[in-house]
Amino acid sequence: MNKNHLWHPFTQMKDYNNSDPLIIERGEGIKLYDVQGRAYYDGFSSVWLNVHGHNVPELNQAITEQLGLVAHSTLLGMANIPAIELAEKLVAITPAGLNKVFYSDSGATGVEIAIKMAFQYWKNKGIAGKTSFITMNQAYHGDTIGAVSVGAIPLYHDVFRPMLFPSHVIPYPYAYRHEGGETKALEATLTALHNLLETRADEIAALIVEPIVQGASGIIVMPPGCLRQMAAMCRKYGVLLIADEVATGFGRTGAMFACDLEQVSPDLMVVGKGLTGGYLPVAATLASDVVYEAFYADYDEQKTFFHGHSYTGNPLGCAVALASLKLFEERNMLEGVRVKAAFVEQKLAALRHRPHVGEIRQKGLMIGIELVRDKVSREPYDWAEQIGVRTSLRARELGMLTRPLGNVIVFIPPLASSEAELEAMINILAESIISVTEGGSV
Ligand code: PLP
């Protein structure tokens, strides 16, 4: 039935239908169990969003209690209590100046909202012509048309190019693959942004960026100071900054938000994924007062933001998000992530010396391991060798789920993982990488 009727996301279905699919029945802690009862560590947090593990009593209870009140209403001309409380909470924990919350239901729709707000902001201000966007090479912001328009991963995005609005693409500082290393990579990014702003700022509405860690391109960490300097340039040239914290938000990098790592306050910020602990589809776009005020006007429908979704501000989703954020405080999650990240870094150290491990990149509990054919020349494996896929399949045989990004093995465990669980997952990762790339065992 799965093969007959389900069309899976990001999946070549012919390959899938020739494979041995995994069907998950339940989850407990940081493990998922398939229909045969086999257990797997959730080593990629069910696509980078699970925070506290699965089947968490506090989160289940929050949903159940809200279910007894109301499952869904609307924010069209009315409100509900969890949506109000969550907005207040988000404003309190996000960078200074973000005081308004607009809900949606996925990272992509949250990005879509940020793009539309940035576009209309300039129009509402009576400033014509600021209509295009800057994005970064290999950026991923989701799969709706607007989000794809500011996306820059050729494999995913190029097929749709004719139906998209054009964006300016500046280089992302990918130090490992830049001839001049980190310093030159950073310089190239900042120079490109500077040149663009210097010549075309009057055409540009906003820069959108995955702060500190670019995720889907291969967990690539920015050099220190990059985000802060880009933010300062945007401010100087009158271009809005949109921080897409969908992947990096809610403790993933060791700070509540990656922007906090460099004290950056964007004009618009998008959160999703971990917002509900990874339980229900809620996302939010936060806007600064300056942005909001451009839409706030007496009897002027032209300035209204005409955007919304049927499930905007869903009370069940907002209730579980509130419960998740409560656990962050009660369990001192951020400090926990910092301690666990140091533990992971130390445990991964031995892998760095293996002949086909090119680079291990880490920010908090967001880790990418880039495999290479030749460690000295950094020659990558060919796509056809499917090195990442094969390594992930080996990990699955050994009881851990992960999903590769090309030749990069992604390790994004639930933040609640214990040190013993992290160590067990790292052992599986090491065994998988060594057996696939070296044909041996640890
Ligand atoms: N933005 C970033 C940085 C992401 O990593 C993702 C998803 O991986 C998205 C946006 C899209 O989020 P969603 O899959 O919830 O639409």
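Predicted, not measured: the structure shown is a model, and the values here were computed from it. (Residues numbered from 1 in each chain as written. Predicted model: local features only at pLDDT ≥ 70, side-chain atom pairs only at ≥ 80, totals over all residues.)

Q: Before we go on, may I ask you to explain helix H10 (residues 226-237) in this structure?
A: An ideal rise of 1.5 Å per residue puts 16 Å on 12 residues; H10 measures up with 17 Å between its terminal C-alpha atoms. Considered for burial, the residues of H10 that qualify are Cys226, Leu227, Met230, Ala231 and Cys234. Buried residues along H10 cover an arc of 130° about the axis, so they all sit on one side. Structural note: H10 exposes Ala232 and Lys236 on the side pointing more than 90 degrees away from its buried face. (Helix = DSSP H or I, 4+ residues; strand = E, 2+ residues; numbered from the N terminus. Expected span 1.5 Å × (residues − 1). Buried ≥ 20, exposed ≤ 12 C-beta atoms within 10 Å, placed from the backbone. Arc of directions from axis to C-beta.)

Q: What's the story with the site of the ligand in this structure? I'm lost.
A: Surrounding the ligand, one finds 14 residues, the nearest of these being Gly107, Ala108, Gly142, Val246 and Ala247. Residue classes in the shell around the ligand are distributed as 6 nonpolar, 6 polar and 2 charged. (Near = placed C-beta within 6 Å. Nonpolar A, V, L, I, M, F, W, Y, C, P; charged D, E, K, R; others polar.)

Q: Whenever I open this one, helix H12 (residues 315-330) confuses me. Can you help?
A: At 3.6 residues per turn, the α-helix brings residues three or four places apart onto the same side. If you check H12, its first and last C-alpha atoms are 22 Å apart, about what 16 residues at 1.5 Å a residue would give, namely 22 Å. Within H12, 12 of the 16 residues are buried, which leaves it mostly tucked inside the rest of the structure. Among the residues of H12, Pro315, Leu316, Gly317, Cys318, Ala319, Val320, Ala321, Leu322, Ala323, Ser324, Leu325 and Phe328 are the ones counted as buried. Buried positions along H12 lie against helix H4 (57-67), helix H5 (81-93) and helix H13 (333-348). (Contact = placed C-beta atoms within 7 Å.)

Q: I tried to follow the domain arrangement of the chain on my own but got confused; where do I start?
A: Think of interface size as the accessible area that goes away when the parts come together; that is how it is often given. Domain parsing of the chain yields domain 1 (2-55 + 332-437) and domain 2 (61-330). Tallying the contact residues gives 27 residues for domain 1 and 23 residues for domain 2. Those elements that provide at least two residues to the side of domain 1 that touches domain 2 are helix H3 (45-48), H13, strand S13 (357-363), strand S14 (366-374) and strand S17 (408-411). In terms of residue count, H13 provides more of the side of domain 1 that touches domain 2 than any other element does, 5 residues in total. (Domains from an automatic or database assignment.)

Q: What exactly am I supposed to notice about the sheet that holds strand S7 (residues 204-209) here?
A: If you walk across this open sheet you meet the 7 strands as S4-S12-S11-S10-S7-S5-S6, and the pairing is mixed. The open sheet is flanked by strand S4 (98-104) and strand S6 (168-170), the only strands paired with a single partner. Across the sheet, the mean angle separating the axes of adjacent strands is 20° when strand polarity is ignored. For strand S5 (residues 132-136) and S7, the ladder comprises 3 bridges, and the chain directions are parallel. Residue isoleucine 134 lies in a different strand from S7, and its bridge partner there is leucine 207. (Pairing = 2+ DSSP bridges. Axes fitted to C-alpha atoms, helices over the stretch in contact; angles between N-to-C directions.)

Q: Looking at this structure, how should I read the pairing of S14?
A: It is a general feature of regular strands that their side chains alternate between the two faces of the sheet. When you tally the buried positions in S14, you get 7 out of 9 residues, the bulk of the element. Bridge count for S13 against S14 is 6 bridges, and the pairing is antiparallel. Across the sheet, residue lysine 363 finds its bridge partner in S14, namely methionine 366. Counted between consecutive antiparallel strands, the loop separating S13 from S14 contains 2 residues, among which glycine 364 sits at a positive phi close to 60°. Pairing of S14 with S17 involves 4 bridges; the strand directions are antiparallel. Along S17, the bridge assignment pairs glutamate 370 with valine 408. One ladder, built from 2 bridges, connects S14 with strand S15 (residues 379-380); its direction is antiparallel. Within S15, the position partnered with valine 372 by the bridge is proline 380. Hairpin geometry of S14 and S15 is characterised by an intervening segment of 4 residues between the two adjacent antiparallel strands and by a positive phi of about 65° at arginine 378.

Q: Teacher, can you tell me more about the UniProt feature "binding site: substrate" (unreviewed entry) in the chain here?
A: Mapped onto this numbering, the UniProt entry gives "binding site: substrate" (unreviewed entry) at Tyr140, Lys273, Gly308 and Arg403. Taken along the chain, the residues just named run across 264 residues; in space they spread out, the farthest C-alpha pair reaching 32.3 Å. Along the chain, tyrosine 140 turns up in the loop between S5 and helix H7 (145-149). Following the sequence through the fold, arginine 403 ends up in the loop between strand S16 (400-401) and S17. When residues no more than four places from it in sequence are discounted, the contact partners of arginine 403 are Phe44, Ser392 and Val410. (UniProt positions renumbered as here; feature names shortened; annotations may be inferred.)

Q: How should the sheet that holds strand S3 (residues 39-42) be read in this particular structure?
A: Pairing between the strands of a sheet is mediated by backbone hydrogen bonds and can be parallel or antiparallel. One open sheet holds the 4 strands; their spatial order is S1-S2-S3-S16, and the pairing between them is mixed. Either end of the sheet is taken by a strand with one partner, and the two such strands are strand S1 (24-28) and S16. Of the strand pairs in this sheet, S3 and S16 are connected by 2 bridges, and their pairing is parallel. When the sheet's bridge partners are listed, aspartate 42 is paired in S16 with leucine 401.

Q: What should I look at first to understand the packing of H5 against H12 in this one?
A: Between two packed helices, what matters for the description is the angle formed by their axes and the separation of those axes. The contact between H5 and H12 brings their axes to 8 Å, and the two run at 40°. Of the possible angle classes, the one that applies to H5 and H12 is oblique. The interaxial crossing formed by H5 with H12 has left-handed handedness. Packed against H5, whose contacting residues are Pro82, Ala83, Glu85, Leu86 and Lys89, the element H12 presents Pro315, Cys318, Ala319, Ala321, Leu322 and Leu325 at the interface. Looking at the contact of H5 with H12, its residues break down into 9 nonpolar, no polar and 2 charged. (Parallel < 35°, antiparallel > 145°, perpendicular 65-115°, else oblique. Left-handed = near helix turned anticlockwise from the far one by under 90°.)

Q: Is there a simple way to explain the packing of H13 against helix H15 (residues 419-437) in this structure?
A: Viewed as axis vectors pointing N to C, H13 and H15 meet at an angle of 30°, and their least axial separation amounts to 10 Å. In terms of orientation, H13 and H15 fall into the roughly parallel class. As for the relative orientation of H13 and H15, their crossing is right-handed in sense. When H13 is examined against H15, the residues Lys340, Phe343, Val344, Lys347 and Leu348 are found in contact with a partner set consisting of Glu419, Leu422, Glu423 and Ile426. Partitioning the contact of H13 with H15 into residue classes produces 5 nonpolar, no polar and 4 charged.

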